[in-house]
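The lines below spell out each chain.
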Amino acid sequence: MSDSLNTVFIDDILRIILSKLPISRLAQLQQVSRDWRRFIHSQEMAWSIYDRELSQALFLVSNRERFIGVIYTNHLVNQNRLNIMPRLSAMHFPLIDFPVEAIVGSSNGLILLVDNLRQLFVVNPRTLQIRDIIGDTRPAWTYGFGWKNYGNLRCNVVVKVLDRGMETFAIFNLNSNQWRGCVVTWKGADWNVQIDEGSSSAFVGGSFLWLGSATLGHSSPEQCVVILDCTNNSVDYISLLPSMRGIALRIGNVGDNIAALWPINADYSCIWILYLSTRMFRAVDILAYPSGVLFYPLCFYNDWARMVMLRQNQNIDLYFLSGRQRITELHFQDDPEPALYNYFPRGDRFQAIAFDASFISPGELQD
């Protein structure tokens, strides 16, 4: 009995020590012996790593294979703390009509999807719960997903833009399960905006962002980011830089409160980080990919120097923004294949989004 207790105590101490080491060092230590590898891959050790590092995870959809999956950005963790199957077929989500048309966004650990029938679904990747958003049958110009404060309560909401000119929109509160129509308050009387049809969206600090155009008086329209501030339902815009105009762009989140724009064709090698508080863009050159390669920024990886990229809709890369280096297809140092291919077939093409795996909204799609 005493020996058993001592073993448990020693394991706990060792786990505490190892959980504080960098991932690169753990990758080396697991090569010491089979026992070390087994210990580092243990469920308890995985929980320790998860609590320390895994604030971001990746949610993937394969329309060809008709499945949904989750990959943690720290690919060291092979054990799944919450018993989520890494790959879920369409049978696990019978309400979704594949192909999924778009992943609208993520908010507080939840994902909003639009399926082939233009139905809306909110998915909790951690608990595998899913719910459809019904009650408003009017056609949508585009959607957004984020949160809105109702008094002291912060609720996840779906924004449904009903017309290109942003005159009216509707908000669905996931806490009250109700739609509410809203009328826009314009921040300027001598201009108007139009949102690009089907524009992707981002969400930053209470504001929804889409790509569109703004017209001032009788001047020609110019490309811009359209901003809907949900605190007062007001609309504003930020003009794109001259170097960004004329480029087909996509907007999305690359962090909980960070928006970015990037090209949707392979002729450009740059992304732009948008600082909404200062209304400024910062250009970041993407130099490691050869000409003709499409890339899709998903999230920053633990710091501002590295970013997780979806390349050619097929590969997950860790990209160093400060230079020309990238680590292709993140995987455990001595694993024969990258983590992506442990569960997903080679050559498949994905839609993907990052979500906050450490945060779950109160009262919504819980365990």
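Residues numbered from 1 in each chain as written. Predicted model: local features only at pLDDT ≥ 70, side-chain atom pairs only at ≥ 80, totals over all residues. Heavy atoms only, no water.

Draft legend 1. Just the overall build of the chain, in detail. Tallying secondary structure elements over the chain gives five helices and 26 strands in all. Taking all contacts inside the chain whose residues are at least 6 apart in sequence as the whole, residues at least 24 apart take part in 49%. For the chain, the accessible area works out to roughly 17200 Å², and carbon and sulfur atoms hold 51% of it. (Helix = DSSP H or I, 4+ residues; strand = E, 2+ residues; numbered from the N terminus. Contact = heavy atoms within 4.5 Å. Areas by Shrake-Rupley, 256 points an atom, 1.4 Å probe, with all protein chains shown as cover.)

Draft legend 2. Region of interest: the confidence of the model for the chain. Of the residues in the chain, 76% have a pLDDT of 70 or more, and the chain-wide mean is 79. Between residues 75-85, whose pLDDT stays under 50, and residues either more than four places distant or in other chains, the model counts 30 contacts. pLDDT under 50 marks residues 330-339. Its contacts with residues more than four places away, or in other chains, come to 27 contacts. (pLDDT = per-residue confidence, 0-100.)

Draft legend 3. How the structure looks around the pairing of strand β5 (residues 110-114). Across the five residues of β5, five count as buried, placing the element largely inside the fold. Side chains of β5 alternate between two faces, with L110, L112 and V114 and I111 and L113 buried alike. Looking at chain direction, strand β4 (residues 102-107) and β5 are connected through five bridges and run antiparallel. Within β5, the position partnered with G105 by the bridge is L112. Counted along the chain from β4 to the antiparallel partner β5, the turn is two residues long, and its residue N108 has a positive phi close to 55°. (Buried < 20%, exposed > 50% of the residue type's maximum accessible area, 1.4 Å probe, protein only. Pairing = 2+ DSSP bridges.)

Draft legend 4. Inspection of the sheet that holds strand β19 (residues 258-263) at higher detail. Across the sheet, four strands lie side by side as β18-β19-β20-β21; this open sheet has antiparallel pairing. Only two strands of the sheet have a single partner each, and these edge strands are β18 (249-255) and β21 (280-285). Ignoring which end each strand starts from, the neighbouring axes of this sheet average 30° apart. Direction of pairing for β19 relative to strand β20 (residues 270-275): antiparallel, over a ladder of three bridges. Along β20, the bridge assignment pairs L261 with W272. (Axes fitted to C-alpha atoms, helices over the stretch in contact; angles between N-to-C directions.)

Draft legend 5. Structural detail: the nonpolar core. One finds L58, I271, I273, I286, L298 and V308 to be the most contacted residues of the largest nonpolar core, which totals 32 residues. Of all the elements in the fold, those that place two or more residues in this core are β1 (56-62), β2 (67-72), β19, β20, β22 (295-301), β23 (303-311), β24 (315-320) and β26 (351-356). In this structure, V157, M166, I195 and C230 belong to the second largest nonpolar core, which totals 22 residues. (Core = buried A, V, L, I, M, F, W, Y, C linked by side-chain atoms within 4.5 Å.)

Draft legend 6. Examining the packing of aromatic side chains more closely. Scanning all chains against the criterion turns up eight aromatic pairs. Aromatic side chains Y289 and F295 sit 5.8 Å apart centroid to centroid with 25° between the ring planes, which places their arrangement in the stacked category. Note on F295: relative accessible area 7%, which makes it buried. Ring plane angle 45° and centroid distance 5.5 Å describe the contact between Y289 and Y319, whose orientation is recorded as tilted. Of this pair, Y289 sits in the loop between β21 and β22 while Y319 sits in strand β24, and the two are 30 residues apart along the sequence. Here Y289 and Y319 have matching classes, each one buried. Here the aromatic cluster, defined as three or more aromatic residues joined through ring pairs, consists of W147, F203, F208 and W210. When the ring centre of Y150 is taken as reference, the NZ or CZ atom of K148 above it lies at 5.6 Å. K160 extends its terminal NZ or CZ atom over the ring of W179, reaching a point 5.6 Å from the ring centre. (Phe/Tyr/Trp six-rings, centres within 6.5 Å; stacked < 30°, edge-to-face > 60°. Lys NZ or Arg CZ within 6 Å of the ring centre and 35° of its normal.)

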